[in-house]
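Each chain, written out:
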Amino acid sequence: LVDEAYRIAVDRGIAINSIEGWKRWKRATYIETAKREGPGYLRRHYERLGLAADLRCARAERVNDWWDGRPYQRILLDAPCSASGIVRRHPDARWLRRPEDIRAFARQQGRLLDALWQVLAPGGKLLYVTCSVFAEENADVVRDWLARTPNAHALDLQGFPGTGGVLLPSPGHDGFFYALLHRR
């Protein structure tokens, strides 16, 4: 999956990474670090890897605040979620979520898909990923979104070991979900 994500993240691409879905302690740590160090925090990681990027902090669903009007060919959306796929490494995640959290994440995920679809060029691809294994945050969200988005369809991601976009956790890796969406 990572190889495919890197393959599709060429041309004009953008990665949207959510900190809102992280467990509360992780989110607080990230926000505090970002406040203390500013955009330089991520910039240093990019430089260390030999990468260049235009790094911005903005609410992804408010596209008019950050979008320059030029459509993207590729979008990687790491959507906010319950983090149910990382329970093997963080067992406390089970007790940090309530049933209403899942519904709230699903609504937010749908809004993010709606917003980011506006900035995706015709023929472009959006890779939607979460670290959740719950259908309510994944397959159900994508199914409902595809039903109301006539210029979109899902593509298979070749070589992915999961079933239906879900890779269940195992002793060797976390669980997650993906959907590769194509704009007609």
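Look a little higher up for the structure.
Owing to the predicted nature of the structure, the values given are computational and were not obtained by experimental measurement. (Residues numbered from 1 in each chain as written. Predicted model: local features only at pLDDT ≥ 70, side-chain atom pairs only at ≥ 80, totals over all residues. Heavy atoms only, no water.)

**With respect to the pattern of salt bridges**
Inference 1: Taken as a whole and judged by the stated rule, the model has 8 salt bridges.
Inference 2: For Arg88, the salt bridge identified is with Asp174, shortest N-O distance 3.2 Å. In this pair, Arg88 is assigned in the loop between strand 2 (72-78) and helix 4 (93-96) and Asp174 in the loop between strand 5 (166-167) and strand 6 (176-183), connecting sequence segments 86 residues apart.
Inference 3: For Asp174, a relative accessible area of 18% gives the class buried.
Inference 4: The salt bridge involving Arg148 is made with Asp114; its shortest N-O contact spans 3.1 Å. On the criterion of sequence distance, the pair formed by Arg148 in the loop between helix 6 (139-147) and strand 4 (152-155) and Asp114 in helix 5 (residues 99-117) is long-range, its members being 34 residues apart.
Inference 5: With relative accessibility at 45%, the residue Arg148 sits in the partly exposed group. (Salt bridge = Lys/Arg side-chain N within 4 Å of Asp/Glu carboxyl O. Helix = DSSP H or I, 4+ residues; strand = E, 2+ residues; numbered from the N terminus. Buried < 20%, exposed > 50% of the residue type's maximum accessible area, 1.4 Å probe, protein only.)

**Here's the deal with unusual backbone geometry**
Backbone phi values are negative for most residues with the exception of glycine, while trans is the configuration of most peptide bonds.
Inference 1: Phi is positive for Ala83, close to 65°, though the residue is something other than glycine.
Inference 2: When you line up the elements, Ala83 lands in the loop between strand 2 and helix 4.

**Considering the pairing of strand 3 (residues 120-130)**
Inference 1: Taking burial as the measure, the 11 residues of strand 3 include 8 buried ones, the bulk of the element.
Inference 2: Taken together, the 6 bridges between strand 2 and strand 3 define a ladder with parallel strand orientation. In the strand pairing of strand 3, Leu76 is matched with Leu127.
Inference 3: Inspection of the sheet shows strand 3 paired to strand 6 by 6 bridges, in the antiparallel sense. Of the residues in strand 6, the one forming a bridge with Tyr128 is Ala179. (Pairing = 2+ DSSP bridges.)

**Overview of helix 5**
Inference 1: If you check helix 5, its first and last C-alpha atoms are 28 Å apart, about what 19 residues at 1.5 Å a residue would give, namely 27 Å.
Inference 2: Among all positions in helix 5, only Asp101, Ile102, Phe105, Ala106, Gln108, Gln109, Gly110, Leu112, Leu113, Ala115, Leu116 and Trp117 are buried. (Expected span 1.5 Å × (residues − 1).)

**Remarks on the packing of aromatic side chains**
Inference 1: The final tally for this structure, using the stated rule, is 5 aromatic pairs.
Inference 2: Ring centres of Trp66 and Tyr72 lie 6.4 Å apart, and the angle between their planes is 40°; this geometry places the pair in the tilted category. Here the two residues Trp66 and Tyr72 agree in accessibility, since each one is buried.
Inference 3: Relative to Trp145, the ring of Trp117 has its centre 4.8 Å away and its plane inclined at 80°; by these criteria the two rings are edge-to-face. Of this pair, Trp117 sits in helix 5 while Trp145 sits in helix 6; the two residues are 28 residues apart in sequence, bridging distant segments of the chain. This pair shows no difference in class: Trp117 is buried, exactly as Trp145 is.
Inference 4: Ring-pair connections join several aromatic residues into one group, and the members of that group are Phe160, Phe176 and Tyr178. (Phe/Tyr/Trp six-rings, centres within 6.5 Å; stacked < 30°, edge-to-face > 60°.)

**Considerations on the nonpolar core**
Inference 1: In terms of nonpolar packing, the biggest core is built from 26 residues, with Ile75, Leu77, Leu113, Leu116, Leu126, Tyr128 and Leu181 touching the most fellow members.
Inference 2: At the level of elements, strand 1 (13-17), strand 2, helix 5, strand 3, helix 6 and strand 6 are the ones that each hand at least two residues to this core.
Inference 3: If we skip the residues at most four places from it in the chain, Leu77 touches Ile16, Leu112, Leu113, Leu116, Leu126, Leu127, Tyr128 and Val129.
Inference 4: Counting 7 residues, the second-largest nonpolar core is a separate cluster that includes Leu127, Val129, Leu157 and Leu180. (Core = buried A, V, L, I, M, F, W, Y, C linked by side-chain atoms within 4.5 Å. Contact = heavy atoms within 4.5 Å.)

So, to be careful, I would describe these as geometric facts and stop short of saying anything about function.
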